[in-house]
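Examination of the molecular architecture
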Amino acid sequence: MIRIGTVELGKKPVVVLSIDGGEEDKLDYARRLGVNLIEVRGDLVISKGVDLSGLNRVLDLIGDYGFYSVLTLRPEWEGGKLNCSEEERLQLFEKLVKHPSVGAVDVELRASILSDVRELAKREGKVLIVSYHDFEKTPPAEEIGGIFRRAVEAGADIVKLAFYGNSLSDVSRVCCVMNSIDYPKVFMVMGAVGKMTRVVGFHFGSLMTYTFLGKSVAPGQIPLEELKNLLEKFYNC
Ligand SMILES: O=C1C[C@@](O)(C(=O)O)C[C@@H](O)[C@@H]1O
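Residues numbered from 1 in each chain as written. Predicted model: local features only at pLDDT ≥ 70, side-chain atom pairs only at ≥ 80, totals over all residues. Heavy atoms only, no water.

Here is the rule: UniProt positions are given in the numbering used here, feature names are shortened, and annotations may be inferred rather than shown by experiment.
For the protein chain, an unreviewed UniProt entry supplies the name 3-dehydroquinate dehydratase and the organism Desulfurobacterium pacificum. On record in UniProt, under Catalytic activity (unreviewed entry), the comment for the protein chain is "3-dehydroquinate = 3-dehydroshikimate + H2O".

Printed below as a string of structure tokens:
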């Protein structure tokens, strides 16, 4: 069983609210709607002109509201807003990962700093999420399996795969491949056709689902209120 901060994964659906630094004033509301973790999209926060001390204040506030966070610094080359060198991104990770409210760190499988971030996470006792995003398509089953294996070999505590779905066969293929893999995982099929995976993914072993308040941060995300209602219907939680 994996725990991010005090949040146990795998016992019931875990809801992660992705914030870009503009929603921290809604943390009380998020708590009341059953959000379990806060993903700090540090790349989005920084893109709004917030500096490192401002990012630390966001992390402070998350802790003040009793949440643990997942720290994400998504680069432009994987769909994020961070436009800096990998060395600079690693320095940001080094300055932020140690924050007491950070429970997990998300780094891309294709990042040249992956092994550095892995060692950093291990040293600081944080959960390592190794993620892979394809915002255009869903690969064939064999390729999905290969990506997953590479993430495990890279030392992921949790493997997170997010593919863009163009058809229901994309959705069913991802669910079937994920269902066949016994390893801590999170997956979603992005886009309209893949919306269902953000709710039914738990049936196929996905540990977390990502949501938003205000503006979504990825195609096909379900807003928090609607997601809460769907999870109550499907999982009585
Ligand atoms: O990787 C993911 C999943 C995501 O892309 C989604 O589709 O909900 C949202 C991102 O913020 C997060 O880091």
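Resuming the write-up.
**Here we look at the nonpolar core**
Quick reminder of the rule: Buried Ala, Val, Leu, Ile, Met, Phe, Trp, Tyr and Cys residues form a nonpolar core when they are joined through side-chain atoms within 4.5 Å. Working definition: with a 1.4 Å probe on protein chains only, accessible area under 20% of the residue-type maximum means buried, over 50% means exposed, and in between means partly exposed. Strands are runs of DSSP state E lasting at least 2 residues, helices are runs of H or I lasting at least 4, and numbering of each runs from the N terminus. Residue contacts are defined here by distance: any two heavy atoms, one from each residue, within 4.5 Å place the two residues in contact.
One finds Ile38, Val40, Phe93, Leu161 and Met178 to be the most contacted residues of the largest nonpolar core, which totals 61 residues. The greatest single-element share of this core, amounting to five residues, is contributed by helix 7 (residues 168–179). With near-sequence residues (within four places) excluded, Phe93 lies in contact with Leu71, Leu73, Val105, Asp106, Ile113, Val117 and Leu120. Counting 20 residues, the second-largest nonpolar core is a separate cluster that includes Val7, Ile158, Val186 and Ala218.

**Quick look at the environment of Leu59**
Tracing the chain through its elements places Leu59 in helix 3 (residues 52–64). Each C-alpha atom, one on Leu59 and one on Ser101, is 6.2 Å from the other, the two residues being 42 residues apart in sequence.

**Focus: the confidence of the model for the protein chain**
Note the threshold: Confidence per residue, as judged by the predictor, is encoded in pLDDT with a range of 0 to 100.
This prediction gives the protein chain a mean pLDDT of 97; 100% of its residues lie at or above 70. The ipTM for the predicted assembly is 0.99, set against a pTM of 0.98.

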